[in-house]
Amino acid sequence: MQRMIRLLVVVLVLGLGGLWGSAWFMRQPGESLSDAFLRQASFLTGRESEAPFAGGIRLPQGVTMGGPFTMLDQDGRTVTQADFGGQLLVGYFGYSFCPDVCPTELGSIGAAMDLLSEAEAARVTPLFVTVDPQRDTPEQLKVYVSNFHPRMVGLTGTPEQVAEMARKFRVYYSKVQRPEMTEYLMDHSSFIYLIGGDGQVRSLLRPLTSPEEIAAAIRAQLPRS
């Protein structure tokens, strides 16, 4: 029985790896890796992706993402999911040396925060989680997140802590080092996560979602007071 379970785990890991590889090679011009992954998964399962709604992309029934985490914030303090006091978290996984998509998405999140009323914004924390802990120290993140919104929190940690949080939120990331490059890049998925007070993902927003749509999705996920 244990041998069969191990075999099934290996098959699952290889299958997911193959699906990410297929998404990489088959993605269309201008399509993000995360969108290509969803498209490939939908094709293989014969099911269409969940349609967007006011609160983002609904997760398929029975699928869960997220959970408790322990990381370091931009002030070097150890924080857990419980330290956010039940607030709605608007999370994004990336890295501060990202040349394009990360600042674009974080800028949109910051702009969406400014579209919320003062009462709404007080119940929301924008969250940037690095997938590059080697370079993204707390000091580096403190400078970086201040560029996007005063309420934005940056999280880093040990490689193991980052990998564990990424696993719980099903975030893909991989170091890319080419001979002609002086610095490495990080390839990563690019969804925006709306995370409830229990640490579970409520919905996903696709890359390039407008600030107006992000703000509407946030409002749809805020509990009515």
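- As annotated in an unreviewed UniProt entry, the protein carries the name SCO family protein and is attributed to Roseomonas marmotae.
- According to its UniProt record, the protein has this under Sequence similarities (unreviewed entry): "Belongs to the SCO1/2 family."

### Some thoughts on the overall build of the protein
Item 1. For the protein, the count of helices and strands is 7 helices and 11 strands.
Item 2. The burial tally for the protein puts 46% of its 225 residues in the buried class.
Item 3. The contacts of the protein with a sequence gap of at least 6 include a subset with a gap of at least 24, amounting to 68%.
Item 4. For the protein, the exposed surface amounts to about 12200 Å²; the carbon and sulfur share of it is 58%.

### Things to note about the nonpolar core
Item 1. Counting 53 residues, the largest nonpolar core has Leu 155, Phe 169, Tyr 193 and Ile 218 as the members making the most contacts within it.
Item 2. Other than its neighbours up to four places away in sequence, Phe 169 contacts Met 65, Gly 66, Gly 67, Phe 69, Phe 93, Tyr 193, Ile 195, Gly 199 and Val 201.

### What about the pairing of strand S5 (residues 88–94)?
Each regular strand shows side chains that alternate between the opposite faces of the sheet.
Item 1. Taken across its 7 residues, S5 has 7 buried, putting it largely inside the fold.
Item 2. Burial along S5 is two-sided: Leu 88, Val 90, Tyr 92 and Gly 94 and Leu 89, Gly 91 and Phe 93, pointing in opposite directions, are all buried.

What counts, and at which threshold
- Residues numbered from 1 in each chain as written.
- Predicted model: local features only at pLDDT ≥ 70, side-chain atom pairs only at ≥ 80, totals over all residues.
- Heavy atoms only, no water.
- UniProt positions renumbered as here; feature names shortened; annotations may be inferred.
- Helix = DSSP H or I, 4+ residues; strand = E, 2+ residues; numbered from the N terminus.
- Buried < 20%, exposed > 50% of the residue type's maximum accessible area, 1.4 Å probe, protein only.
- Contact = heavy atoms within 4.5 Å.
- Areas by Shrake-Rupley, 256 points an atom, 1.4 Å probe, with all protein chains shown as cover.
- Core = buried A, V, L, I, M, F, W, Y, C linked by side-chain atoms within 4.5 Å.

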